[in-house]
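Each chain is listed here by its residues.
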Amino acid sequence: MGFPIIGETFEFMKPHDVLQFPSFVKKRVIRHGPVFRTSLFGSKVIISMDNELNMEIAKTNRTIGVPKSITRLFGDNNLFVQSIESHKHVRSLTFQLLGPQGLKLRVIEDIDLLARKHMEEGARNGFLNVKEAASKILIECLAKKVMGDMDPETAKELAICWRKFPSGWFRFPFKIPGMGVYDMMKARKRMMNLLKEVVLKKRASGEEFGEFFKIIFGENERGKEKMSVENAINYIYTFFLIANETTPRILAATVKLISEKPRVMQELQREHARIVGDRTEKDAALTWEDYKSMTFTHMVINESLRITTTVPVVLRKPDHDIQVGDYTIPAGWTFMGYPNVHFNPEKYEDPFVFNPWRWKGKDLSALVSKNYVPFGAGPRLCVGAYFAKLLMAIFIHNLCRYRWSMKVETTVTRSYMLMFPQGCDVQFSEDTKVD
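Values in this document were obtained by computation on a predicted structure and should not be read as measured data.

Thresholds, definitions, all that
Residues numbered from 1 in each chain as written. Predicted model: local features only at pLDDT ≥ 70, side-chain atom pairs only at ≥ 80, totals over all residues. Heavy atoms only, no water. Helix = DSSP H or I, 4+ residues; strand = E, 2+ residues; numbered from the N terminus. Buried < 20%, exposed > 50% of the residue type's maximum accessible area, 1.4 Å probe, protein only. Areas by Shrake-Rupley, 256 points an atom, 1.4 Å probe, with all protein chains shown as cover. Pairing = 2+ DSSP bridges. Axes fitted to C-alpha atoms, helices over the stretch in contact; angles between N-to-C directions. Contact = heavy atoms within 4.5 Å. Phe/Tyr/Trp six-rings, centres within 6.5 Å; stacked < 30°, edge-to-face > 60°.

Trainee: Which parts of the structure should I look at to understand the overall build of the protein?
Mentor: When its secondary structure is counted, the protein shows 15 helices and 9 strands. Across the 435 residues in the protein, those meeting the buried criterion constitute 54%. Carbon and sulfur atoms make up 52% of the accessible area of the protein, which amounts to about 20200 Å² in all.

Structure below.
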């Protein structure tokens, strides 16, 4: 269990390659087996690499399991500690915007335009950081859908606040001056105040909100309010933070994986050249039908999610002892289940090889199966899963409209130079040491 209070937190926090499980977990699996107990962030924790146990815990328990030192960063009424009924309601509201129908009607065109804008800006500047570009696309799109149009100064100040949020902030989630979380909490307070000011001003003046707040306030007007303005803002903040921590990182890793496989790159370029070639107007916006026709792109995304998901996908805290096979999961302990099944050679041939063709003929729309859990499982399945896959597909689509080769420079970060025929260099950077 490690030292008192801090347990084995420092060992657990050590940076590691995005395409591998933490060395902390691998060492203890060798020592203790696929399920072991430890102490992290001041909480008692059970870590599991057993897929059957993970799936059973995911299906039978709804209570999210996150150490208190992390949940307190989001406020008292945050997404993590909401009641089961409140969580169901919030998921239902969010799914109206980020479910397939909401993405088709409200989101796809905006993401396409933002992806084009940031890729063109990168080409003009001579470099493009994939993680930064993906983060900007994500935040700009969701901010507009949530808040609607904002005055330029408020939007600029919100963007400044976002830059205070360091990648991997949760590796040391303690509010100590000089640490990243300290700056993040100051930015969070300012951001929450800004969002609240915008909401109250829009409600008072009758200005247009974004689609998400229209959904919430539409329910309020019909007498179905279950979430205050403060809780709604807190939820949006939490959702933005979590989405911004995961999708850009995985997209950067996906670009890296594609660049190392010329055959994959060629097949992607063929598919997206066909999509553009079939249009009456070559510069027309991407349609939902175009997105659904990206068969090989979806194979690439599924394979990338399989091989890059090396973080816990099942986080629960049982309110009673749970018996699964030979294991007893005690009440009150945080359960962290890793997707070790993604690298099981009995389920995936050559599991450490990036091979999109292994998905040929399979259901590419499925978010979860017994052997595939990049978005978790059970009633806490990631509500932003469809949005993440859409963002990845559109980014790849716009990238494939260029022809490029890549040079890799190994320094503190890995830099990927995309060489364009026009003479522009577009640089993709991915931290070598990430959570």
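So much for the structure itself; the text now carries on.
Trainee: It is not clear to me how the sheet that holds strand β3 (residues 314-316) should be interpreted in this structure. Could you clarify?
Mentor: Sheet strands pair via backbone hydrogen bonds, and the direction of the pair is either parallel or antiparallel. Pairing is mixed across the open sheet formed by 4 strands, whose spatial order is β1-β2-β6-β3. With partners counted over all chains shown, the strands left at the sheet margins are β1 (35-40) and β3, one partner each. Within this sheet the neighbouring strands show an average axis-to-axis angle of 20°, counted without direction. Here β3 runs beside strand β6 (residues 334-337); their pairing, made up of 3 bridges, is antiparallel. By the bridge assignment, Leu-315 is partnered in β6 with Met-336. Here helix α2 (residues 23-32) sits on the sheet in contact with β1 and β2 (43-48), set at roughly 135° to β1. Sheet strands in contact with helix α3 (residues 51-60) are β1, β2, β3 and β6, and its direction is about 50° off that of β3.

Trainee: Would you explain the pairing of β6 in this entry?
Mentor: Consecutive residues of a regular strand have side chains that alternate between opposite faces of the sheet. The two faces of β6 match: Thr-334 and Met-336 on one face and Phe-335 and Gly-337 on the other face are all buried. Strand direction decides the pairing type here: β2 and β6, joined by 4 bridges, are parallel. Looking at the pairing, Ile-47 lines up with Met-336 of β6.

Trainee: Help me out: how do you make sense of the packing of aromatic side chains in this one?
Mentor: A complete count under the given rule lists 11 aromatic pairs for this structure. Seen in terms of ring centroids, Phe-21 and Tyr-338 are 5.8 Å apart; in terms of plane orientation they differ by 85°. Their pairing is edge-to-face. Of this pair, Phe-21 sits in the loop between α1 (9-13) and α2 while Tyr-338 is found in the loop between β6 and α15 (385-399), placing the two residues 317 residues apart along the sequence. The exposure class of Phe-21 is buried, given its relative accessible area of 8%. Ring geometry for Phe-296 versus Trp-357: centroids 5.0 Å apart, planes at 50°, classification tilted. Of this pair, Phe-296 sits in helix α14 (residues 295-308) while Trp-357 sits in the loop between β6 and α15; the two residues are 61 residues apart in sequence, bridging distant segments of the chain. Among the residues examined, Phe-296 registers a relative accessible area of 5% and is labelled buried. Clustering of aromatic rings is evident, with ring pairs tying together Phe-12, Phe-24, Phe-36 and Phe-41.

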